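What follows is the residue order along each chain.
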Amino acid sequence: MQDSVRGVRPTSDRNNKSRRPVGALPAAIGLLMACATIAAAPVLAEQAGNAREMDDLVVTATRLATPRGELASSVTVITAEDIQRRQYRSVPQALRSVPGLHVVQSGGPGQQTSVFMRGANSNHTLVLIDGVEASDPSSPAGAVDFSNLWLDNVERIEIVRGPQSTLYGSDAIGGVIHITTRRGQGDLNGTGKLEGGSDNTFNQQASASGSTDRLNYSFGVTHIDTDGDSVTPARLRNGVSAEDDNYENWTTSARLGIALSDTLDVNFFGRYIDSETDLDPELFDPAFGGGTTEDRDARLDQTEYLLRGEAKAQLLDGLWEATFSTSYTDYDRHNRNDRQSPTETLTRTDFDGDKLKFELKNDFYPVDAHILTLGLETEKENMNAGGFSDFGGFIVGEQTDADARNNAFYAQDQFSYGDSLFGTIGLRYDDNDDFGSELTYRLAPVYVHPKTGTRLKGSVGTGFKAPTLFQTDGFSPNIFGSFYRGNPDLDPEKSLGWEIGVEQALWNERLSFGATWFKSDIDDLMQVVFDPSFNSSYENIDQADIRGVEAFIHSQPLEVLAVRLDYTWTDAEDDDTGEPLLRRPKHKLDVDVELQPTSRASINLTVNYVADYTDISRETSGIIHGDDYVVLDLVAGYDLNKQWRILGRIENLTDEHYEPADGFQASDRGLFAGAELSL
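Residues numbered from 1 in each chain as written. Predicted model: local features only at pLDDT ≥ 70, side-chain atom pairs only at ≥ 80, totals over all residues. Heavy atoms only, no water.

Q: Is there a simple way to think about the overall build of the chain in this case?
A: In terms of helices and strands, the chain carries five helices and 36 strands. Computed over the C-alpha atoms, the radius of gyration of the chain is 25 Å, within 12% of the 26 Å expected from 2.2 N^0.38 for a compact globule of 679 residues. Across its three principal axes, the chain shows a C-alpha extent of roughly 70 × 55 × 50 Å. Out of the 679 residues in the chain, the part that is buried amounts to 56%. On the chain, roughly 27500 Å² of surface is accessible, and the fraction owed to carbon and sulfur atoms is 57%. Here the chain contributes 59 positive and 108 negative side-chain charges, whose respective centroids are spaced 6 Å apart. (Helix = DSSP H or I, 4+ residues; strand = E, 2+ residues; numbered from the N terminus. Rg over C-alpha atoms; globule rule 2.2 N^0.38 Å. Buried < 20%, exposed > 50% of the residue type's maximum accessible area, 1.4 Å probe, protein only. Areas by Shrake-Rupley, 256 points an atom, 1.4 Å probe, with all protein chains shown as cover. Lys, Arg positive; Asp, Glu negative; His and termini not counted. Charge placed at Lys NZ, Arg CZ, Asp CG, Glu CD.)

Written out as structure tokens, the structure is:
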């Protein structure tokens, strides 16, 4: 990704079923309103023109580092400071409070985790790690599983909501999540962290980084090992005692940059993940005597490689910046489940997927008011699946070997007029081996009123989601002669989305608030269909109608106290039936209270409330209404000195018993403590 600041010619990097706690949610809202009331009196006496323009830079929205106040996109940024203060350990933890996002984890650490952005499907969010697409080509639906993404050596997470296919192609109907690792700066420095707690959890993390005149580097390693809890709630265990579902993960990351000259830099990024997760894949069925609710030998072993290299050249005295990059991903997933009785499932399946991508991106600075970006991409992805699952004599095989290539061209003009009007307009053309061509566009202007700092923003754009290799070419036969076969004639899922919003900062940004209305129509959604012989495949037969509002208020009435509230209302329906889409809650409320009683101590309370959603019953496979739930987390940290910091946190403070995905219980209350050393 590029680091050039919008409107400024680039320079070298070297120079640059639930029981909701009674009163918990009302108390949190009451605290927020109290803080807002305290802030209101002085705000009314201040001139609105004293509000500062947002000057932090965001890259993902335009692929150019742009001041946040000049972006029409709805963006949330989670910084390294946020990660440390709130003691986030995993990416799902960090994303849970982001407006417009709903995180669904099917159990505790390491269990399948999906993200639904602005009511779109879980496979409609593009995830990048240091510019590398993190989706697994062998995944049947193409959704990213966030369960193995830990915050090892992470500097920043940028979340851009709304269709972004013009810059990023397929998968970006709902938006983009971009995770970047730390760039080394200054003398060699390092950090180490040890933490332990509930469920025999033990976390270790170490990192080192630094830079010289022409070299910057950072390396990190994280290890987590936990017994976890059983993912199956007691109500579905039929009296069987709970069995912990263990999880272990090793993650290593590296980033290296070399300035070969004043106008040529090369950068390398790498991440390796090795994990093992215990599973409870089936329920005991007393009618047929099959299954085992607490499966003691079912597991999923995964390895993931993500690699990227780039060369960045500044040409024509800074009028042209060219970046050539290549990235490679490789995913290996191995499901293993032995039998404990003749009626239980025996599983031996392997899924391997890889992707190789090349890109040439050119940024031109012809005049001060415009930056023209032109890009070329080509990528090839492969999938290989084999093995079988034996469901008490009903055997289903996996026999898929497929590949596809996609070529693309995109163009964007990022413009500014005076100090008030900013925006982008873009176009993209994709050509794919399987589905042919797709054209997408996006227009995103923002107007900033000079005297009041009021921001009026809007955007309209199209997006698409390409069929996966499994959906077009997969083959899965069963012992009775029927089969699943992919449909090579599938079309991409297509979307048209728009948003309009307003934001206002007052009292030198100690009080800010805003709201954004969004709307999206998605056509040609792919669904599994069956013929009279019980053969199955995918067809484009569904449509979705999504609308919603994201609203926030942030108040800092005191230097030591800050409070933020985010509320998201989402109405996501099947356009044909009018029924709500699964796992898209209508109401989501997130509260964050930050208190710093002394210069060395910090306390943070977060509240996450989810209400009014439907799901599929794990027990009956019917549609049900999920239970509302509210989860509180409390964290605290204290700096003993410049090197040592002690940490403590309580997750699920009120010990809420809830199921984000029906039939899969979230972790109970967890207590954790540790220490961090900085050198």
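Q: How do you make sense of the packing of aromatic side chains when you look at a structure like this?
A: Two aromatic rings, taken as a pair, are described by how far apart their centres are and by the angle between their planes. Applying the stated rule across the entire model yields 13 aromatic pairs. Taking the centre distance of 6.2 Å and the plane angle of 25° together, the rings of Trp 150 and Tyr 247 count as stacked. With Trp 150 in the loop between β7 (132-133) and β8 (154-161) and Tyr 247 in strand β13 (residues 247-261), this pair connects stretches of sequence that are 97 residues apart. Trp 150 sits in the buried class, given a relative accessible area of 9%. Pairing Phe 324 with Phe 358 gives two aromatic rings, centres 6.4 Å apart and planes at 20°, and the pair type is stacked. Residue Phe 324 is located in strand β16 (residues 320-337), and its partner Phe 358 is located in strand β17 (residues 345-367); the two are separated by 34 residues in the primary sequence. Here Phe 324 falls in the partly exposed class, since its relative accessible area comes to 43%. By relative accessible area, which is 35% here, Phe 358 ends up partly exposed. Here the aromatic residues Phe 470, Tyr 484 and Tyr 538 are joined through ring pairs into a cluster of three or more. One residue, Arg 618, lies across the ring of Phe 664, its end atom 4.1 Å from the ring centre. Sitting over the ring of Phe 672, Arg 649 keeps its end group 4.5 Å from the ring centre. (Phe/Tyr/Trp six-rings, centres within 6.5 Å; stacked < 30°, edge-to-face > 60°. Lys NZ or Arg CZ within 6 Å of the ring centre and 35° of its normal.)

Q: I keep staring at the pattern of salt bridges and nothing clicks. Help me out?
A: Pairs may arise between side chains of opposite charge once their charged atoms sit close together. Considering all chains together, one arrives at 45 salt bridges under this definition. With a shortest N-O distance of 3.7 Å, Arg 63 and Glu 377 are connected by a salt bridge. Here Arg 63, found in the loop between β1 (57-58) and β2 (66-67), pairs with Glu 377, found in strand β18 (residues 370-391); they are 314 residues apart in sequence, far enough to count as distant. In this structure Arg 63 comes out as buried when scored by relative accessible area, which is 5%. We note a salt bridge from Glu 550 to Arg 118, for which the minimum N-O separation is 2.9 Å. Separated by 432 residues along the polypeptide, Glu 550 in strand β28 (residues 536-558) and Arg 118 in the loop between β5 (113-117) and β6 (125-129) bring together distant segments of the chain. Each member of the pair, Glu 550 as well as Arg 118, carries the same accessibility label: buried. (Salt bridge = Lys/Arg side-chain N within 4 Å of Asp/Glu carboxyl O.)

Q: Explanation requested: the sheet that holds β6 in the structure shown.
A: Whether parallel or antiparallel, the strands of a sheet pair through hydrogen bonds between backbone atoms. Pairing is mixed across the open sheet formed by five strands, whose spatial order is β3-β8-β9-β6-β7. Each end of this open sheet is capped by a strand with a single partner; those strands are β3 (74-79) and β7. Examined bridge by bridge, β6 and strand β9 (residues 175-181) share five bridges and lie parallel to one another. Across the sheet, the residue bridging to Leu 128 is His 178, located in β9. (Pairing = 2+ DSSP bridges.)

Q: Quick question: what am I supposed to make of the pairing of strand β10 (residues 189-197) here?
A: Regular strands have side chains that alternate between both faces of the sheet. Taken together, the nine bridges between β10 and strand β11 (residues 201-211) define a ladder with antiparallel strand orientation. If you follow Gly 190 over to β11, its bridge partner there is Ala 208. With antiparallel pairing between neighbouring strands as the criterion, β10 and β11 make up a hairpin whose turn holds three residues, including Asp 199 at a positive phi of roughly 60°.

Q: Please explain the side chain of Thr 462 as it appears in this structure.
A: For Thr 462, the position within the fold is in strand β23 (residues 455-465). Polar side-chain contacts of Thr 462 include one of 2.9 Å to the backbone nitrogen of Tyr 441. Once you skip the residues sitting within four places of it in the chain, Thr 462 turns out to touch Pro 163, Ser 165, Leu 439, Thr 440, Tyr 441, Ser 495 and Leu 496. (Polar contact = N/O pair within 3.5 Å; in protein donor to acceptor, adjacent residues only side chain to side chain. Contact = heavy atoms within 4.5 Å.)

Q: What is the right way to look at empty space enclosed by the protein in this model?
A: Quantified by volume, the largest cavity comes out at close to 700 Å³. Sort the elements by how many residues they give to the lining of the largest cavity and strand β4 (residues 101-105) lands first, with four residues. Considering only residue class, the lining of the largest cavity consists of 13 nonpolar, 16 polar and ten charged. Taken as a whole, the second largest cavity spans an internal volume of roughly 390 Å³. Along the walls of the second largest cavity sit 30 residues, with Ser 170, Lys 355, Glu 379, Glu 381 and Ala 466 positioned nearest its centre. If you list the elements that add at least two residues to the lining of the second largest cavity, you get β17, β18, β20 (400-417), β21 (421-432) and β23. (1 Å grid on protein atoms, 1.4 Å probe; cavity = no way out; pocket = protein on both sides within 12 Å on 5 of 7 lines; lining within 4 Å. Points joined across faces, edges and corners; volume = space filled by probe spheres on them. Nonpolar A, V, L, I, M, F, W, Y, C, P; charged D, E, K, R; others polar.)

Q: How should I be thinking about the nonpolar core in this particular structure?
A: Nonpolar side chains in soluble globular proteins generally cluster together in the buried interior. Counting 27 residues, the largest nonpolar core has Ile 78, Leu 95, Phe 146, Ile 157, Ile 159 and Ile 177 as its most contacted members. Listed by contribution, the elements that provide at least two residues to this core are α3 (91-95), β4, β5, β6, β8 and β9. With near-sequence residues (within four places) excluded, Ile 159 lies in contact with Ser 74, Val 75, Thr 76, Ile 78, Leu 95, Val 98, Leu 101, Met 117, Val 176 and Ile 177. (Core = buried A, V, L, I, M, F, W, Y, C linked by side-chain atoms within 4.5 Å.)

Q: Got a minute to help me understand the pairing of β18 in this structure?
A: The pairing of β17 with β18 spans 21 bridges and is classified as antiparallel. Each bridged residue has a counterpart across the sheet, and for Asp 354 the counterpart in β18 is Asn 382. Counting the residues in the hairpin turn of β17 and β18 gives two residues. Pairing of β18 with β20 involves 16 bridges; the strand directions are antiparallel. When the sheet's bridge partners are listed, Ala 385 is paired in β20 with Thr 400. Here β18 folds back onto strand β19 (residues 394-397), and the loop between the two strands holds two residues, one of which, Gly 392, carries a positive phi near 60°.

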